[in-house]
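Commentary on secondary and tertiary structure
Below, each chain spelled out in residue letters.
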Amino acid sequence: MLGELLKHPRALLVSLVLHVVVIGLIMVNFHFAERPMQIKAGQIEKTVQAEVVDQKQLEAMENKKQEEANKIKEAARKKKEQEAKKRADLKKKEAEEKRKAEEKKKAELKREKQAEEKRKKEAERKAAEKRKADAKRKAEEKRKADEKLKAEEKRKAEEKRVAEEKRKAEEARKAEEARIAEEKRKAEEARLAEEERKRKETEARLQAEAEQKRKEAELKARLKAEEDQRRLKSLRDAYILAIRQKVERNWRKPAGSGKMPVCEVRVLQGPGGIILDVTFGACGGSTALYRASIEKAVYNAEPLPKPGDDALFERELKFLFNPAEQ
Amino acid sequence: MNDDSLITLIFNASLPVQLVMLLLLAASVFSWALMYVKRGYIRQSQAEAKTFEGRFWSGINLSDLFAQLSVRQERRFGLEAIFENGFREFARARKAELDNSEVVRSAHRAMKVSMSREIESLENNLPFLATVGSVSPYVGLFGTVWGIMESFRALAGVQQATLAMVAPGISEALIATAMGLLAAIPAVVAYNKFTSEVDAMIVRYENFLEEFTGILQRQAQSPR
């Protein structure tokens, strides 16, 4: 078995590749398929820990808890009172100190106010002098700026005018160009349409011609086939006739005078016209003697004549045997 | 055991189970290769028989046909081989001036021998497919049983047994059965198909042999 397979390494290779592919597909599928309900180890240990507890023990524990709570509450209350007293003392002291500081602050403020007023008057005076000088300078500056502005405006107007002229000229040029382009485009379109039309015409003509040719070829082929068929048919008729005549030539009229009708004879022949078997079809009212004579005639006619064309050879031949034609 | 890919499952299996899997894989690979070869050969034989029958019954002279075949160098098989051997024996016996019935009988014998050779090469290796088809499920089952035994034995040492402890072992053991079935099913299908095709070919050869013998018989009776 192995030896035979080693003679066909291709088969072994094909089989191996097939297996690798199938196994790969199974692997991929196995990876993607969801694993059904896997129980994780942690989940099992996480069960609830329950204990049985006595009711009385539970009540005693409860009472004890209550007493402890009361004690804690009392201590807290006492501590609170002491703290409140301390806080009140502290507050009084603070108020006294605050009042003294306030008085001192007021006296300080009064002194500062007087000094401030004096300083203010001095500053106002100085400011008035400065304002006058400023006004004068500003007037001068404004005049100069006005002059400059006027010159600028004039220049701008001039520029604008020139730009406007230029723009108008440009627009006119563009319009002209667009018009020319449009004309060109239309001409091109017309040309293309014309070409398309011509192309279609030629196409249609070519198609029609091809169709015509095809039809002619078809007709020719059909005629040829018919011709071949006719030729084959005539050859076949000749073939059958040759066989029939040879059989009839070899026929000897049997003794006695029974009915001798036309018989359908079926001959099974092998290569080279060897006769393998003879049977009879419709052979109304014939005697066995008559049929035996025909069979003998067929065997005597061996080898049967060859057909004009090898394609016409038939394993099973059928022909009508007519004794009157002998 | 969290990584549950098939590969890790197979590599974690115990040695006997792995051996079983390997055996089954090899059986599957070989049976598919064999199917490929066999299918090719049967197709070729069918095509050959068809063309040769066409030629034989085309009305060609038998000695011409024999001459055409003898010229060809390549090895002949199928109907060609049967025809050639039969006709050669026929010609030889005829030359030896043997009795007519003896001539036909010796030709028939030669053809019988040739035919049985052809049948043998058609049926060659088919038993391997039958064996794979019938045995590999059992081999796979053996692997599975072994794997399950192992996983239960491992379970014996533990106090608290959970399903999670046995499940991977059983899963990996079941792969062996799956592989066994995977190897067996195509082998059985192919075996059935091939045997029926080979039987049809045998009938064809036998028919040809009988017909050809009849022709030879007729030819022997005609004058030399």
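Residues numbered from 1 in each chain as written. Chains lettered and ligands numbered in written order. Predicted model: local features only at pLDDT ≥ 70, side-chain atom pairs only at ≥ 80, totals over all residues. Heavy atoms only, no water.

1. Some words on the interface of chain B and chain A
Across the contact, 32 residues belong to chain B and 34 residues belong to chain A. Linking chain B with chain A are one salt bridge. Where chain B packs against chain A, one counts five residue pairs in polar contact (both at pLDDT 80 or more). Contributing elements (two or more residues each) for the side of chain B that touches chain A: helix H1 (6-11), helix H2 (15-56) and helix H7 (163-221) of chain B. For the side of chain B that touches chain A, the element with the most residues is H2(B), which contributes 10 residues. (Contact = heavy atoms within 4.5 Å. Salt bridge = Lys/Arg side-chain N within 4 Å of Asp/Glu carboxyl O. Polar contact = N/O pair within 3.5 Å; in protein donor to acceptor, adjacent residues only side chain to side chain. Helix = DSSP H or I, 4+ residues; strand = E, 2+ residues; numbered from the N terminus.)

2. Focus: the confidence of the model for chain B
All names here are of chain B. On average, residues of chain B score 87 in pLDDT, and 97% of them reach the 70 mark or higher. Mean pLDDT per element in chain B: H1 is the minimum at 76, and H2 is the maximum at 92. Reported for the predicted complex are a pTM of 0.54 and an ipTM of 0.73. (pLDDT = per-residue confidence, 0-100.)

3. Structural notes on unusual backbone geometry
Residues and elements named next belong to chain B. Of note in the backbone geometry, Glu97 takes a positive phi value of approximately 60° without being a glycine. Among the secondary structure elements, Glu97 is positioned in the loop between helix H4 (79-95) and helix H5 (100-123). Residue classification places Glu97 among the exposed residues on the basis of a relative accessible area of 64%. (Buried < 20%, exposed > 50% of the residue type's maximum accessible area, 1.4 Å probe, protein only.)

4. Side note on the state of the cysteines
Residue and element names in this part refer to chain A. Throughout the structure, instances matching the rule amount to one disulfide over all chains. Each sulfur in the disulfide pair Cys263 and Cys283 lies 1.4 Å from the other. In this pair, Cys263 is assigned in strand S1 (residues 263-270) and Cys283 in the loop between strand S2 (274-280) and helix H5 (288-300), connecting sequence segments 20 residues apart. On the accessibility criterion, Cys263 (0% relative accessible area) is buried. Relative accessible area serves as the criterion here: at 12%, Cys283 is assigned to the buried category. (Disulfide = S-S within 2.5 Å.)

5. A closer look at the nonpolar core
Of all hydrophobic cores here, the largest spans 50 residues; its most connected members are Phe56(B), Phe83(B) and Phe212(B). Of all the secondary structure elements, the ones that give two or more residues to this core are helix H2 (9-32) of chain A together with H2, helix H3 (62-71), H4, H5, helix H6 (126-156) and H7 of chain B. Broken down by element, the residue count for this core peaks at 13 residues, all from H7(B). Sequence-distant contacts of Phe56(B), that is, excluding residues within four places in its chain, are made with Pro271(A), Leu62(B), Leu65(B), Phe83(B), Phe208(B), Phe212(B) and Ile215(B). (Core = buried A, V, L, I, M, F, W, Y, C linked by side-chain atoms within 4.5 Å.)

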